[in-house]
Amino acid sequence: MSLLQVRDLHVEFHTRDGVAQAVNGVDLGVEAGETLAVLGESGSGKSVTAQAIMGILDMPPGRITGGEIVFQDRDLLTLPRQERRQIRGAKMAMIFQDALSALNPVLTVGYQLAEMFRVHQGASRKEARAKAVELMERVRIPAARQRVGDYPHQFSGGMRQRIMIAMALALEPDLIIADEPTTALDVTVQAQVMDLLADLQREFNMGLILITHDLGVVADVADKIAVMYAGRIVETAPVKELYKAPAHPYTKGLLDSIPRLDQKGGQLNVIRGMPPNLQQTPPGCAYNPRCPMARAVCRKDEPPLYEVSALRASACHFWEEMFDAR
Amino acid sequence: MTGPPAIEGPDETETLAGVESQAERAGGKGPSSPGREPRERARSLWSDAWHDLRRNPVFLIAGLLIAFLVLISVWPGLIASRDPLSCRLGRSLDASSAGHWFGFDTQGCDVYTRVVYGARTSVTVGVCATLGVAVLGSVLGGLAGFFGGVWDAVLSRLTDIFFGIPMILGGLVFLSMTGSRSVWTVVAFIVLLGWPQVARIARGSVITAKQNDYVLAARALGAGNARMMTRHILPNAVAPVIVTATIALGTYISLEATLSFLGVGLQPPTVSWGADISAASQGMQFRNAPHILLYPAAALSLTVLAFIMLGDAVRDALDPKLR
Amino acid sequence: MGRYVVRRLLQMVPVFIGTTFLIFVMVYAVGDPVNAMFGDRAPDPATAAQLRAEFNLDKPLWQQYGLYMGKIFSGDFGNAFNGQPVTELMATAFPLTIRLALVAVVIEIVIGLVLGVLTGLRRGRPIDSGVLMLTLVVISVPTFVTGTVFQYLLGVRWGLIAPAVSPAAPLGQLLLPGLVLALVSLAYVTRLTRTSIAENSRADYVRTAVAKGLPRRRVTVRHLLRNSLIPVVTFLGTDVGTLMAGALVTERIFNIHGVGFQLWQGIVRQNSPTVVGFVTVLVIVFLLANLLVDLLYAVLDPRIRYV
């Protein structure tokens, strides 16, 4: 049994200017102890997918129009609100990108950590506070006992993100969704925070969904990758195989645009053009206007997710050519 | 790039768009410079605001009401053929009858006629006081904000002092000391105590405008003080002043009525809704003749409401942050 | 913190002097208290001169002001011209008005916050537009109109309450005057809370609170409301002035012999020491209330630090 299985998820946003198809038939799966990286540009639907799984989508303007999210054998989309709430925080938790704005500025970090135990476990004030200190120690915050009464703005960016992680880990959930957990941090701190997250994941055997646009982060920690473009998954693969041989031109474009230290002076390859407008995705393959391999069929027929191997899939009509070209 | 590899797509285009629009602004033609798309061409704060206002029912209702009020203030004879001051004690407190829809007050005056003529007083006080406050406040506040230094310090302290005295309290003390009071006495008092409110706003927006990049650029290019003021700073400071003044207009009408109610506002023969309500509540005369209270009260409330609604709509339209 | 308070207190001194001097000038320079005492009769010149000397009215204005303030700070607010010490008037008037103001503040905070949260969370829905329009109406109707009309409807027409408050002013009788006094501010509190809630409800930390699996009520009260209170508290500071002005009207309508009533009496009868004395105390109250609000800020928003 899978820990989490998302099937054919559709999410729309209703705005003044029309309806945007933010997520358009996404399938995902995560096992316990496994790390899935969801990769994509902003606007590709990766964060919306995460929010839909977590049940924190702003509705309205967002609306889930189809699909199912099966978590531990229960479809979350059909659960009563109360049961859904009890899963949030306890069974699945989320780490946000910018801890400074994601933590409440007027409450102490101790209070915000303790709140988890008080609400979900009915712990007493004292008990909860002791557990909050324990948590802070676990994410390696120095002088946790003295700092438990401090406010978020009194911590450095890295320490704040650790608190964010501590909060997500508080009730030892089975699934963690981390939405760009290191983007807001200094490069030197990024690695520390990522290591910490990976260590804790192993320790508790949690499933981890890592939402990111950072290929560097992915290579180190992920087991498998799902690449998203315009609200769809365009390629899924185990991480090593994907790096070795991408089966979709978009993935290839991403990999080529990584600047490499061993190729000095060369021109940086970038993907031309802009991500599509989600209110008006082009007919056929959404990537066709930017794709160097695009042909007539790409402008007409939307490619299904072709099975490349037992563990791989690609939504490109010409995935086989991608392999042949190498 | 020394950071970890990252997808650059969207960021790049965003930056590009940013650069483009900056280049546009640097063109110096201000907000009405031609944009990339025809739809964006005429988009300035004012045309945007007007676009919003025309579709706002609150604005339309308020506008119609105010147009009507102004009309009967100028020509009350249009809808009232009698004299508001011709009163006969013999019909004191009589109920409504044909030709006298609102009945008679204690003095035996026709309540309908007095309600109509009261509009002139209220509108005159409101409009004149607002104009005075807006002009005096924006000149003093603007100068303080523009020149800073001693001017600014003095003005700020003055504003603090005036803020400590509520207008009704100041009005009671000040107006009770003056012997005979006309509409102009009340207007003068409101201007005297009201200007710091606008001055504070004008000062703030001038200081903000002064720090804008394009103003600094104009200064670096050698624009003189007068030119800076008229071309660059005033257009930016005007919107907040207009918003404050429009909302204040309604409160000034309410203030005049309140002062008249407290017996320190307008005196006969000037017709004032506030004074009429005061007369009606004297010894609870409205007990048996509620019409002498309710009609002027409704007229006053509706008038203030019209102006406050107008101010609210204008503020919503001119403040892009609220969208 | 201590240094901040001291600095703020020092900054208040010029404002205090300016405000009280302004009122002093209005009362003593624009009007003539001695003439006023005699009403329409012309005063006997000798008596008038004697009175002027007794009340320092023959000295230059700034000196009069200095002498007056000196006395005030030694606890002597002077006598009303009828001989009763002003402090005696204050001792009976202030408790009444404080009680009335407390009723008003409680009403405006409780109802204002509830309405503000309700509408802020349902922005754009019918209940929101309805309450918003209602607040405009409430702001537009002058306090003296609401006061008289309520007095007529509830007190006379339907006989639900006594139209005037008895001298002892029990709490029950202060409910209606308190509501009348609170109404305009109540509308402002509602609008402010609404804007603040609507803005903050999209904040990241609210989303975090939901993601933590907190019950909706807890998200709203502990996380959302707590942050949205900050602008409302600022408003309450400036609102002290509005309440003072409103008390003048409300106390007159409902015949409550509090500060507003005494002040109004003092003004209409041109009892200068009464007027200046009461206004001086009110200015102090106003300034201290604003300092208190600034300090409350630090409690509500730990990011603000006083140096």
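Residues numbered from 1 in each chain as written. Chains lettered and ligands numbered in written order. Predicted model: local features only at pLDDT ≥ 70, side-chain atom pairs only at ≥ 80, totals over all residues.

**Examining the confidence of the model for chain B**
A low pLDDT score tells you not to read the predicted coordinates there in detail. With 78% of its residues at a pLDDT of 70 or more, chain B shows a mean pLDDT of 75. Considering only residues more than four positions removed or in separate chains, one finds that residues 1–42 of chain B, a stretch of pLDDT under 50, has 38 contacts. (pLDDT = per-residue confidence, 0-100. Contact = placed C-beta atoms within 7 Å.)

**A closer look at the packing of helix 7 (residues 143–157) of chain C against helix 10 (residues 216–254) of chain C**
Residue and element names in this part refer to chain C. One way to put it is that helix 7 packs onto helix 10 with a least axis distance of 9 Å and a crossing angle of 20 degrees. Relative to helix 10, the element helix 7 is oriented roughly parallel. In the packing of helix 7 onto helix 10, the handedness of the crossing is right-handed. Contacts from T143, F144, G147, T148 and Q151 of helix 7 reach helix 10 at G246, V249, T250, I253 and F254. Classifying every residue of the contact of helix 7 with helix 10 by side-chain character gives four nonpolar, six polar and no charged. (Axes fitted to C-alpha atoms, helices over the stretch in contact; angles between N-to-C directions. Helix = DSSP H or I, 4+ residues; strand = E, 2+ residues; numbered from the N terminus. Parallel < 35°, antiparallel > 145°, perpendicular 65-115°, else oblique. Left-handed = near helix turned anticlockwise from the far one by under 90°. Nonpolar A, V, L, I, M, F, W, Y, C, P; charged D, E, K, R; others polar.)

**Examining the UniProt feature "transmembrane region" (unreviewed entry) in chain B**
Residue and element names in this part refer to chain B. Under the UniProt annotation, "transmembrane region" (unreviewed entry) lies at residues 58–79, 123–146, 158–177, 237–255 and 292–314. Secondary structure content for residues 58–79 is 77% helix and 0% strand, while the C-alpha to C-alpha distance between its ends is 25 Å. When the span residues 123–146 is considered, its composition is 100% helix and 0% strand, and the gap between its end C-alpha atoms is 33 Å. (UniProt positions renumbered as here; feature names shortened; annotations may be inferred.)

**Focus on the interface of chain A and chain C**
Across the contact, 23 residues belong to chain A and 19 residues belong to chain C. Mapped by element, the contributors of at least two residues to the side of chain A that touches chain C are helix 2 (81–87), helix 3 (99–102) and helix 4 (109–121) of chain A. Of all the elements, helix 4 of chain A adds the most residues to the side of chain A that touches chain C, at four residues.

**What about the domain arrangement of chain C?**
All names here are of chain C. Each assigned domain of chain C is listed with its residue range as follows: domain 1 (2–73) and domain 2 (90–300). In this structure, domain 1 and domain 2 have C-alpha centres spaced 32 Å apart. Facing 15 residues of domain 1, the contacting portion of domain 2 comprises 11 residues. Secondary-structure elements contributing two or more residues to the side of domain 1 that touches domain 2 are helix 1 (2–30), helix 2 (33–37) and helix 4 (61–73). (Domains from an automatic or database assignment.)

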